[in-house]
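A look at the structure
The residues making up each chain are set out below.
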Amino acid sequence: MKRNRPFTARVRIQMDRWAVVRIVLIILGISAALYMVVYLTRLEFFRIKEVIVREGGVVVSDAQKDFRYLVGRNTFTLDVRKEARRIQMMHPGYRTARLIRYLPDRLCVDILKRSPVACIKGHRIFYLDDRSTLFEASLQSLPQNIPVITGIEKKISVDQVGRRCSLPEAAFALTVIKETRGKLQPYTLAAVDVSSLDSLVMVLSNGLQVKLGRELLAEKLQLLANLLMQVKTSLPNIDYIDLRFKEPVIKFKQSG
């Protein structure tokens, strides 16, 4: 007499068959999706035809020529984060760079340029931002009357561009520039000589030289502001002011 297969065994076999069918369908679905992705990424419809460059939300037409190499690239296969890092390496003057896709065929490059707070004039002109990053920039994009740092120009080289300047003289000069901003009205800081940190020399916009040490900077700058008010009528006759000692020293120009 033929024995019937148990009911639970038949159910298990049917479930296993459906599991295999589902797996096959999933594999087919994934394969179809991948094929569609590859197919779409190869379409001319998704190749970049225009690159828009914006700075602070404003379109910068002059900068578009720097990104023409992106025209013709596929918008899907372009790694926007990797490309943004590459742009910053190519253009150290950009503080940030971000790429935004506008489907189907446009790309926006959002940039933020570094704002120079000081310049260093050697065999080439370099600039420092508030993060001590060294960079180069076109004269057309620079604000007027940027303080000049002297005494370190021989220590600066092209291969440092795009990196943070680690010189202690540069760090102290930037501190002086920051601390004097708006505190010596109506004068501004024109130059800082950091050949010696113990005898730092500031040059104001009226040509007056001020000698400082590295200690008690805030107090000395406040003293200088008070002195400028007291001797403002005599400033054309003053050669320099020395604040390195307990009492300020005012050296007048020799007549004749």
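Residues numbered from 1 in each chain as written. Predicted model: local features only at pLDDT ≥ 70, side-chain atom pairs only at ≥ 80, totals over all residues. Heavy atoms only, no water.

**A closer look at the layout of surface pockets**
The test is simple: Grid points spaced at 1 Å over the protein atoms alone were grouped into cavities, where a 1.4 Å probe fits but cannot get out, and pockets, open sets with protein on both sides within 12 Å along at least five of seven lines, with lining residues defined by an atom within 4 Å of a point. Grid points are joined across faces, edges and corners, and a volume is the space filled by probe spheres set on the points. Note on residue classes: Ala, Val, Leu, Ile, Met, Phe, Trp, Tyr, Cys and Pro are nonpolar, Asp, Glu, Lys and Arg are charged, and everything else, Gly too, is polar.
Within this model, the second largest pocket holds a volume of roughly 300 Å³. Around the second largest pocket sit 15 residues that line it, and N145, P147, R181, T188 and L189 are the ones nearest its centre. The residue inventory of the lining of the second largest pocket, partitioned by class, reads nine nonpolar, five polar and one charged.

**Some details on the pattern of salt bridges**
Convention followed: Here a salt bridge means any side-chain nitrogen of Lys or Arg lying within 4 Å of a carboxyl oxygen belonging to Asp or Glu. Only DSSP runs of H or I reaching four residues or more are called helices, and only runs of E reaching two or more are called strands; each is numbered from the N terminus.
If you walk through the whole model with that rule in mind, you get eleven salt bridges. The partner of D130 in a salt bridge is R95, with the nearest N and O atoms 3.2 Å apart. Remark: R95 occurs in strand 3 (residues 94–102) and D130 occurs in the loop between strand 6 (125–128) and strand 7 (134–135); sequence separation between them is 35 residues. The shortest N-O distance in the salt bridge between K183 and E179 comes to 3.2 Å. The network of salt bridges with shared partners includes R54, R98 and D110.

**Focus on the sheet that holds strand 4 (residues 106–113)**
The line we're drawing: One bridge is not enough; two strands pair if DSSP finds at least two bridges between them. It only takes one pair of heavy atoms within 4.5 Å for two residues to be counted as in contact. A fitted line through C-alpha atoms serves as each axis, taken over the contacting stretch for helices, and the angle formed by two N-to-C directions is quoted from 0 to 180°.
Taken in spatial order, the four strands make up an open sheet running 2-1-4-3, and their pairing is mixed. Of all strands in the sheet, those with a lone pairing partner are strand 2 (58–59) and strand 3, marking the two edges. With six bridges connecting them, strand 1 (residues 50–55) and strand 4 associate as parallel partners. The residue bridging V51 from the neighbouring strand is L107, located in strand 4. Helix 2 (residues 80–90) contacts strand 3 and strand 4 of the sheet and is inclined by roughly 150° relative to strand 3.

**Focus: the packing of aromatic side chains**
Which entries qualify depends on this criterion: Aromatic pairing here means that ring centres of Phe, Tyr or Trp (its six-membered ring) are within 6.5 Å. Orientation follows from the plane angle: under 30 degrees is stacked, over 60 is edge-to-face, and everything else is tilted. Relative accessibility under 20% of the residue-type maximum defines a buried residue, over 50% an exposed one, and the middle range a partly exposed one, all with a 1.4 Å probe and only protein chains included. A positively charged side chain is recorded as over a ring if its NZ (Lys) or CZ (Arg) lies within 6 Å of the ring centre. The angle to the ring normal must also be within 35 degrees.
Under the defined criterion, the tally for this structure stands at three aromatic pairs. Consider the rings of Y127 and F135, whose centres lie 6.0 Å apart with planes at 35°: the pair is tilted. For the residue pair Y127 and F135, the accessibility class agrees, reading buried in each case. Its end group placed over the ring of Y102, R106 keeps NZ or CZ at 5.8 Å from the ring centre. Against the face of Y240 rests K211, its NZ or CZ located 4.2 Å from the ring centre.

**Regarding the side chain of K220**
Operational definition: A positive count includes Lys and Arg, and a negative count includes Asp and Glu. His and the chain ends are not counted in either.
Along the chain, K220 falls in helix 4 (residues 217–230). One buried charged residue, K220, remains without a salt bridge, the closest side chain of opposite sign being D242 at 7.5 Å. Aside from chain neighbours lying at most four places away, what touches K220 is L212, G213, E215, L243 and R244.

**Overview of the pairing of strand 13 (residues 249–252)**
Summarising the sheet, strand 12 (residues 238–242) and strand 13 pair through four bridges and their orientation is antiparallel. Residue pairing across strands places I238 opposite F252, the latter belonging to strand 13. What sits between strand 12 and strand 13 in their antiparallel hairpin is a turn of six residues.

**Topic: the confidence of the model for the protein**
As a reminder, the rule being used: Each residue gets a pLDDT score, which is the predictor's confidence in that residue and runs from 0 to 100.
Of the residues in the protein, 86% reach a pLDDT of 70 or more, and the chain-wide mean stands at 86. Within the protein, the lowest mean pLDDT, 67, falls on helix 1 (residues 7–41), and the highest, 96, falls on strand 9 (residues 189–193).

**Section: the environment of G57**
Here G57 is to be found in the loop between strand 1 and strand 2. When its relative accessible area of 57% is taken as the criterion, G57 is described as exposed. For the pair G57 and I111, spaced 54 residues apart in sequence, the C-alpha separation works out to 9.0 Å.

**Let's talk about unusual backbone geometry**
Cis geometry marks the peptide bond from L103 to P104; its omega dihedral reads 10°. Despite not being glycine, S132 has its phi angle at roughly 70°, a positive value. If you trace the backbone, S132 turns up in the loop between strand 6 and strand 7. Within the chain, L216 stands out as a residue other than glycine whose phi angle is a positive 50°. Inspection of the secondary structure assignment puts L216 in the loop between strand 11 (209–212) and helix 4. With relative accessibility at 55%, the residue L216 sits in the exposed group.

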